Amino acid sequence: MKCHFCEHRCDLTKGKSFCGMYADEGGRAVERYPDRWCTYSPSRIESVPFYHAWPGSRSMIIGTAGCNFRCRYCSNSFIACRNPAEVQDVMFEFSGEKLTAMAKKLGCHNIIFNVNEPAVSLPSLMRVSEHAKKEGIPMGCLTNGYTTEESTLMLAEIFSFVHVGLKGFSNAFYKEYVGVNSIDPILRNIYTLSQHCHIEIASPVIENVNDHELPDIAEFICDINPDIPWHVFRLLPEHQMKEMKYPDIERMNQVLESSRKLLPYIYFHNFVGSDWVNTLCPQCGAVAVKRFSLGCSGDRLDEFLAPGNICPACGAGIAMLGTKVSWNEKREKEGV
Amino acid sequence: MSLAIIDARQWQNRFDLESGQKKEESHPAAAMLSKVLSWNPYPGDMDEKANEWVTRTALDLMDQYEPNLVCLSYVQQFFSHRHLAHSQADWEKMCETAMAEAEKFIKISGYTPVIVGTGGMIPLKEEIDVSGLDGLAVSSNWSARYCGVHWPSSGDMELLSALKAREKIERIVSKKEWIDLFRSEEPKVKIHQDEVLMPDFLVVAAEGHSFKTLGTTLRKPVNIPANNFKIPVYTPLGSVDDIRGIKHLVRSNLDHHKIALILVEGVGKAFFPSDHAMCENGPGWFCHEPGDAFYLTLSTGKHEPFAYPAGYRSFDLDAEAVKFPFSGYMLSVPENTLALDYPGKSIAVGNRSMFMHMMFGVDISIECFARNLFNQGCLGALHRMDKYEK
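Going along each chain's sequence as written, the residues are numbered from 1 onward. By the order in which they are written, chains take letters starting at A while ligands take numbers starting at 1. Totals for whole chains, interfaces and linings use every residue, but because this is a predicted model, local features are given only for residues with pLDDT of at least 70 and side-chain atom pairs only at 80 or more, for both listing and counting.

Draft legend 1. Molecular detail of the overall build of chain A. Counting from the N terminus, the helices are the DSSP runs of H or I reaching at least four residues and the strands are the DSSP runs of E reaching at least two. Assigned secondary structure in chain A consists of nine helices and 15 strands. For a compact globule the rule gives 2.2 Å times the number of residues to the power 0.38, and the radius of gyration it is set against comes from C-alpha atoms. For 336 residues, the compact-globule estimate of 2.2 N^0.38 gives 20 Å, and the C-alpha radius of gyration of chain A, at 19 Å, lies within 12% of that figure. Contacts spanning at least 24 positions in sequence make up 67% of the contacts within chain A whose residues lie at least 6 apart. Two residues form a contact once the distance between their C-beta atoms, set from the backbone, is within 7 Å.

Draft legend 2. Up close: the overall build of chain B. Each helix and strand counted, chain B has 10 helices and 18 strands in total. For a compact globule of 390 residues, the expected C-alpha radius of gyration is about 21 Å, and chain B comes in at 20 Å, within 12% of that figure. Taken along its principal axes, the extent of the C-alpha atoms in chain B is 65 × 50 × 40 Å. Labels follow a simple rule on C-beta atoms placed from the backbone: if 20 or more others lie within 10 Å of a residue's own, it is buried; if 12 or fewer, it is exposed; otherwise it is partly exposed. Per-residue burial for chain B yields a buried fraction of 53% across its 390 residues. Put simply, of all contacts in chain B between residues at least 6 apart along the chain, 71% involve residues at least 24 apart.

Draft legend 3. Seen up close, the nonpolar core. Membership of the largest hydrophobic core comes to 121 residues, with the highest contact counts inside it found for Met60, Ile111, Val162, Ile201, Trp230 and Val232 of chain A together with Cys147 of chain B. Counting residues per element, this core draws most heavily on strand E10 (residues 201-205) of chain B, which supplies five residues. Excluding residues that lie within four positions of it along the chain, cysteine 147 of chain B makes contacts with Val130, Ala137, Val138, Ser139, Val203, Phe211, Thr213, Ala310 and Gly311 of chain B. We call a set of buried Ala, Val, Leu, Ile, Met, Phe, Trp, Tyr and Cys residues a nonpolar core when their C-beta atoms link them within 7 Å. Core analysis: the second largest hydrophobic core is formed by 92 residues, Trp11, Ala50, Leu263 and Ala348 of chain B among them.

Draft legend 4. Geometry of the interface of chain A and chain B. Contact residues are listed per partner, giving 34 residues for chain A and 28 residues for chain B. If you list the elements that add at least two residues to the side of chain A that touches chain B, you get strand E4 (39-44), helix H1 (77-80), helix H8 (249-260) and strand E15 (299-304) of chain A. Residue contributions to the side of chain A that touches chain B peak at five residues, all from E4 of chain A.

Draft legend 5. Quick peek at the sheet that holds strand E8 (residues 139-143) of chain A. Residues and elements named next belong to chain A. Strand order across the open sheet formed by eight strands is E4-E5-E7-E8-E9-E10-E11-E12, with mixed pairing between neighbours. The open sheet terminates on both sides in strands that have one partner only, identified here as E4 and strand E12 (266-269). Taking each pair of neighbouring strands and ignoring which way they run, the sheet shows an average axis angle of 20 degrees. Pairing between two strands is assigned when DSSP locates at least 2 bridges connecting them. Taken together, the six bridges between E4 and strand E5 (residues 58-63) define a ladder with antiparallel strand orientation. Across the sheet, residue serine 41 finds its bridge partner in E5, namely isoleucine 61. Note on method: axes are straight lines fitted to C-alpha atoms, helices fitted across the in-contact stretch only, with angles between N-to-C directions ranging 0 to 180 degrees.

Draft legend 6. Just the packing of helix H3 (residues 76-83) of chain B against helix H4 (residues 88-109) of chain B, in detail. Residue and element names in this part refer to chain B. Contact pair H3 / H4: the axes reach a minimum separation of 9 Å and the direction vectors enclose 165 degrees. Looking at the two axes, H3 sits roughly antiparallel to H4. When the axes of H3 and H4 are compared, the crossing they make is left-handed. Where H3 abuts H4, its residues Gln77, Ser80 and His81 lie against Trp91, Met94, Cys95 and Ala98. Considering only residue class, the contact of H3 with H4 consists of four nonpolar, three polar and no charged. Roughly parallel refers to an angle under 35 degrees, roughly antiparallel to one over 145, roughly perpendicular to one between 65 and 115, and oblique to any angle outside these ranges. It is the rotation of the near helix from the far one that decides the hand of a crossing: anticlockwise by less than a right angle makes it left-handed, clockwise makes it right-handed. Lys, Arg, Asp and Glu make up the charged group, whereas Ala, Val, Leu, Ile, Met, Phe, Trp, Tyr, Cys and Pro make up the nonpolar group; the residues left over, Gly among them, are polar.

Draft legend 7. Examining the sheet that holds E10 of chain B more closely. All names here are of chain B. The four strands lie next to each other as E7-E8-E10-E9, forming an open sheet whose pairing is antiparallel. Edge positions in the open sheet fall to strand E7 (136-138) and strand E9 (169-174), since each of these has one partner strand only. Averaged over all pairs of adjacent strands, the angle between their axes in this sheet comes to 25 degrees, without regard to strand direction. Where E7 meets strand E8 (residues 146-150), three bridges bridge the pair, whose relative direction is antiparallel. Across the sheet, the residue bridging to valine 138 is glycine 148, located in E8. Sitting on the sheet, helix H5 (residues 154-165) touches E8, E9 and E10, and the angle it makes with E9 is about 140 degrees.

Draft legend 8. Just the pairing of strand E1 (residues 22-25) of chain A, in detail. All names here are of chain A. In this structure, E1 lies alongside strand E2 (residues 28-31), joined through four bridges in antiparallel fashion. Bridge assignment links aspartate 24 to a residue of E2, and that residue is alanine 29. Linking E1 back to E2 in an antiparallel pair, the connection comprises two residues, with glycine 26 at a positive phi of about 60 degrees.

Draft legend 9. Spotlight on the environment of isoleucine 61 of chain A. Residues and elements named next belong to chain A. By the secondary structure assignment, isoleucine 61 is in strand E5. Separated by 51 residues in the primary sequence, isoleucine 61 and isoleucine 112 place their C-alpha atoms 5.0 Å from one another. Setting aside residues up to four positions removed in sequence, isoleucine 61 forms contacts with Thr39, Ser41, Ser43, Ile112 and Asn114.

Draft legend 10. Main features of helix H9 (residues 292-300) of chain B. Residues and elements named next belong to chain B. Among the nine residues of H9, nine are classified as buried, and the element is accordingly described as predominantly covered. Along H9, the residues classified as buried are Asp292, Ala293, Phe294, Tyr295, Leu296, Thr297, Leu298, Ser299 and Thr300. Each element contacted by the buried residues of H9 is listed here: strand E4 (112-117), helix H8 (245-253) and helix H10 (356-359). Once H9 ends, the next one or two residues include glycine 301, with phi positive near 80 degrees.

Draft legend 11. Representation of the confidence of the model for chain B within the structure. pLDDT expresses, on a scale from 0 to 100, how confident the predictor is about each individual residue. Residues with a pLDDT of 70 or more make up 97% of chain B, whose mean pLDDT is 93. Interface confidence for the predicted complex, expressed as ipTM, amounts to 0.93; the pTM equals 0.95.

Draft legend 12. Focus on the environment of serine 47 of chain A. All names here are of chain A. Secondary-structure assignment places serine 47 in the loop between E4 and E5. Here the alpha-carbon distance between serine 47 and arginine 300, two residues 253 residues apart in the chain, equals 6.2 Å. Dropping the residues within four chain positions of it, serine 47 is found in contact with Ser297, Gly298, Asp299 and Arg300.

Draft legend 13. Broad picture of the environment of threonine 57 of chain B. Residues and elements named next belong to chain B. Here threonine 57 lies in helix H2 (residues 50-65). What makes threonine 57 buried here is the crowd of 26 C-beta atoms within 10 Å. Between the C-alpha atoms of threonine 57 and arginine 313, which are 256 residues apart in sequence, the distance is 36 Å. Ignoring anything within four residues of it in the chain, the contact list for threonine 57 reads Val36, Asn40, Val349 and Ile366.

Draft legend 14. Quick look at the domain arrangement of chain B. All names here are of chain B. Bear in mind that the domain bounds are from an automatic or database domain assignment. As far as domains go, chain B holds domain 1 (3-122 + 224-301 + 336-382) and domain 2 (125-220). Averaged C-alpha coordinates put domain 1 and domain 2 at centres separated by 28 Å. Counting residues at the interface gives 12 residues for domain 1, matched by 11 residues for domain 2. In terms of residue class, the side of domain 1 that touches domain 2 is built from seven nonpolar, four polar and one charged.

Here it is in structure tokens:
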């Protein structure tokens, strides 16, 4: 019996899945730890980072345990790369209904799954989305995109905005640094997701390892839709690559210069005080959205200058899912 | 207008500390600070060289600035022991190494020390899961002992009472009782009360327990601070018996001594020189944990438990364009801090990130800029350029 949630397609009759989150039960892949979450905390949507979806909004960040990748540089290895059985004591137990109620209690506009890979907890997430939809709470996620065609459609059903990690652009990179043999399913799924929901793409850059693949990634994104925002992260290697040198910011920024001609929404960040986190109008170059970056998971909206998602200088449209939502909007609406 | 210099390794940027806007600054003090930052990349919170970084960076900055007052924090052992299991022998060695680093600094600099330990650590016995309350339970990454409970139902209060009966919770303190404990300190709670951020109840964990709820970390602590009602202080400058007296002790001796106020986190009396004193670390049932309120109390000479406590719904204040974006929870410069009105020169260096530059009121500071243990580089803050002569 093969698991259908990700492209590992693990044979569950031989035991648990690669991610450790699914098992065979009567010929079905079932979750071993349903409705268990490693966090539920309010955060700015920009910190995820989503830059082109409901700027300024308050998101409830959730996650579970386990991952179907083994990135050598993983920042969350203490929760993502460990055997999920070993970290169940740190988990919170909330039904989909309770988790949605918590998002309301915390005044959150949306719920975002971003600590580990959502494909490892899809049935639980489906249950959350049933309640979140009833309450008008949109859901988003970060995914590595290594899902099957079937579960990619599940992702698109649950989440209206998705951030896909495109970590390199070659099978060689994925094999060496991520632990999977082929990039093809990821490229396929990025296209599929782009047809169903708002997507943004993130690529961690490791100097002299995958920086030469950045122009290829830009071309790939451009072919799908040049309005897709692309976040290039200065990777601070952790886990097995802790000793790696930090990428040189000026040099990496120069590498991105040619890609900026293809894609109007390129961001280079994951370091404190980045100069490349503002949204510029694709037509006239005026600043449409000002942001401030404190590095990993620390980005915030500084000023939204494009009411109605229209450039304040030339009137051109700025690609955006929804528009600005103030941090306390939910609280104010509900009189909390 | 204070200047913030961010050093993200091989790359620096300058900002106005208050607004977070980019700022050009041609004053030679800024160039000096940039230089010292570039010489001293931060190795990381848990790295065994993180305390050595404090000593080296402080000495480099002192060479350039020649201050009379130096405030330091050595925290690597606290971060490491909080998250990793060590044998008792290894932990003792880490404490000895941290103290040796402070002693090395004193030996090289020749400054008169005031060394303060935040008190020892003990293994976490059990987490108290209060995430399922009908109301909202809020703790924080760095607090083990305190948790705020907002909007509790009668069922929540029954549950908390049951936990108290089972000796997981030491006490349940009403908002009024909490404020009354600090009434003589004229607590600055008004703004928080007005904005309804303060919890209805402060719940206090029994020693060895920690809360598991909104705001606590994904990384389960292995060791947590003991209930350190008394903390060790070593100084040849005179006796002090209360954390609030340390500010006066330092200030009253600065005319005749160059002083180094050194905080060593997670370390208790066993590792201090035998002629240390033990200081009160809070009134009644309250004791400061290592963190914002501890540093602020030490620096202002007044208990500041309401300034940046665990348990508040501080996230409601987290709107866009907040002031002091590099300063964590701090939205304004604290008043009456140790060096704020000191006419001599002062610096602070430490591996407690995002608040060293605010806590002591010094002219210049350098601290690591790490968030959730992720090493982002360093922050240099320049509050007073006028005292720099080159």
